[in-house]
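# Remarks on the overall topology
Chain by chain, the residues:
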Amino acid sequence: EQFNYGDEKKTNVVFFLSRVKQNVNYKELINTFQLLSRLDNINFVYKPHPRGPFEGWKYAIGASLGLDEIVINGYDGSHINSMVLSEWADVGIVFGSSIAIQLLIDNVPIIVPSFVHTNSTILEKHKICITADSLGELINILANNTKDDIRKLIDNARVEKFLNEYFDANKDYEQIMQEYYEAVVNNKL
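A brief structural summary. (Residues numbered from 1 in each chain as written. Predicted model: local features only at pLDDT ≥ 70, side-chain atom pairs only at ≥ 80, totals over all residues. Heavy atoms only, no water.)

## Some thoughts on the overall build of the protein chain
The secondary structure content of the protein chain amounts to nine helices and six strands. Counting only residues that meet the buried cut, the protein chain has 42% of its 189 residues in that class. Counted over contacts in the protein chain with a minimum sequence separation of 6, partners at least 24 positions apart contribute 66%. As displayed, the protein chain has an accessible area near 10,700 Å², and 47% of this comes from carbon and sulfur atoms. (Helix = DSSP H or I, 4+ residues; strand = E, 2+ residues; numbered from the N terminus. Buried < 20%, exposed > 50% of the residue type's maximum accessible area, 1.4 Å probe, protein only. Contact = heavy atoms within 4.5 Å. Areas by Shrake-Rupley, 256 points an atom, 1.4 Å probe, with all protein chains shown as cover.)

Listed below in structure tokens is the structure:
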């Protein structure tokens, strides 16, 4: 499966939503969507959390803010596999979704909009993301940097160390393959 959307000269940005009931500032989230959808230099896609009803969420937030309707100008990636969107993205925006791990594996820079929520993330703890502390900072990062510039804001050595520690148990490829081989042999006996 492949996904194509927008102008190939622009930066592909996917906002992967988390479950919004978890310490989210709804007004900041809506403002973020509205401003991202107005940036001329990005192809903006949003992906609702697979276990959360996005339409119901959108109207509930709108009602709580006194709005009849929330208009989001971007591509609704509800029906697109998150792995496919990760592969397409030049930048991922995440504030608490496990898709962040796939973004790291795909070498996609992650921006955590810390102003949208009051949680702390493992990405921030390990300094393997770009933290935007305000909407202005997020817009500044995306509006004034190329995708290559944004990629340079991530310390790839830290990302590799994180992935190695959490997924490979600090073992190199040969060690992992040896353990796999031994597990297969032992199960056959």
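## A closer look at the sheet that holds strand 3 (residues 75-76)
Reading across from one edge, 3-2-1-4-5-6 is the order of the six strands in this open sheet, with parallel pairing throughout. Across the chains shown, the open sheet's two edge strands, defined by having one partner strand only, are strand 3 and strand 6 (130-132). In this sheet, strand 6 lies alongside strand 5 (residues 110-113) in parallel orientation, the contact comprising three bridges. Bridging across to strand 6, P113 finds its partner in A132. (Pairing = 2+ DSSP bridges.)

## Quick word on the pattern of salt bridges
Summed over the entire model, instances satisfying the criterion amount to two salt bridges. Note that D90 is salt-bridged to K147, the shortest N-O span being 3.5 Å. A residue pair is termed long-range when its members are at least 10 positions apart, and D90 in the loop between helix 3 (82-88) and strand 4 (91-94) and K147 in helix 7 (residues 147-152) qualify at 57 residues. For D90, a relative accessible area of 11% corresponds to the buried category. (Salt bridge = Lys/Arg side-chain N within 4 Å of Asp/Glu carboxyl O.)

## Regarding the nonpolar core
One finds F15, L36, I110, I111, L138 and L142 to be the most contacted residues of the largest nonpolar core, which totals 49 residues. With five residues, helix 6 (residues 135-143) is the single largest residue contributor to this core. If we skip the residues at most four places from it in the chain, L142 touches V13, L36, L39, N41, I42, V91, I93, I111 and I150. (Core = buried A, V, L, I, M, F, W, Y, C linked by side-chain atoms within 4.5 Å.)

## A short note on helix 6
The set of residues buried in helix 6 consists of L135, L138, I139, I141 and L142. Seen end-on, helix 6 carries its buried residues on one side only, within an arc spanning 160°. (Arc of directions from axis to C-beta.)

## Structural notes on the packing of aromatic side chains
Taken as a whole, this structure holds 11 aromatic pairs when the rule is applied. Between F162 and Y166 the ring centres are 4.7 Å apart and the planes differ by 35°, which places this aromatic pair in the tilted class. Of this pair, F162 and Y166 both sit in helix 8 (residues 156-167), four residues apart, which is roughly one turn of that helix. Assessed through its relative accessible area of 40%, Y166 is described here as partly exposed. (Phe/Tyr/Trp six-rings, centres within 6.5 Å; stacked < 30°, edge-to-face > 60°.)

## Points about helix 1 (residues 26-36)
In an α-helix, one turn spans 3.6 residues; hence positions three or four apart end up facing the same way. Restricting attention to buried positions, one finds in helix 1 the residues L29, I30, T32, F33 and L36. What you see down the axis of helix 1 is that its buried residues fit within an arc of 155°, all on one side. Regarding helix 1, its N-cap is N25, as a side-chain oxygen of that residue lies 3.2 Å from the backbone nitrogen of K27 further along. (Polar contact = N/O pair within 3.5 Å; in protein donor to acceptor, adjacent residues only side chain to side chain.)

## A word on the pairing of strand 1 (residues 11-16)
Burial analysis of strand 1 places six of its six residues in the buried class, the great majority of the element. Here strand 1 runs beside strand 2 (residues 42-47); their pairing, made up of six bridges, is parallel. Within strand 2, the position partnered with F16 by the bridge is K47. Direction of pairing for strand 1 relative to strand 4: parallel, over a ladder of four bridges. Paired with F15 across the strands is I93, a residue of strand 4.

Purely geometric numbers; function is a separate question.
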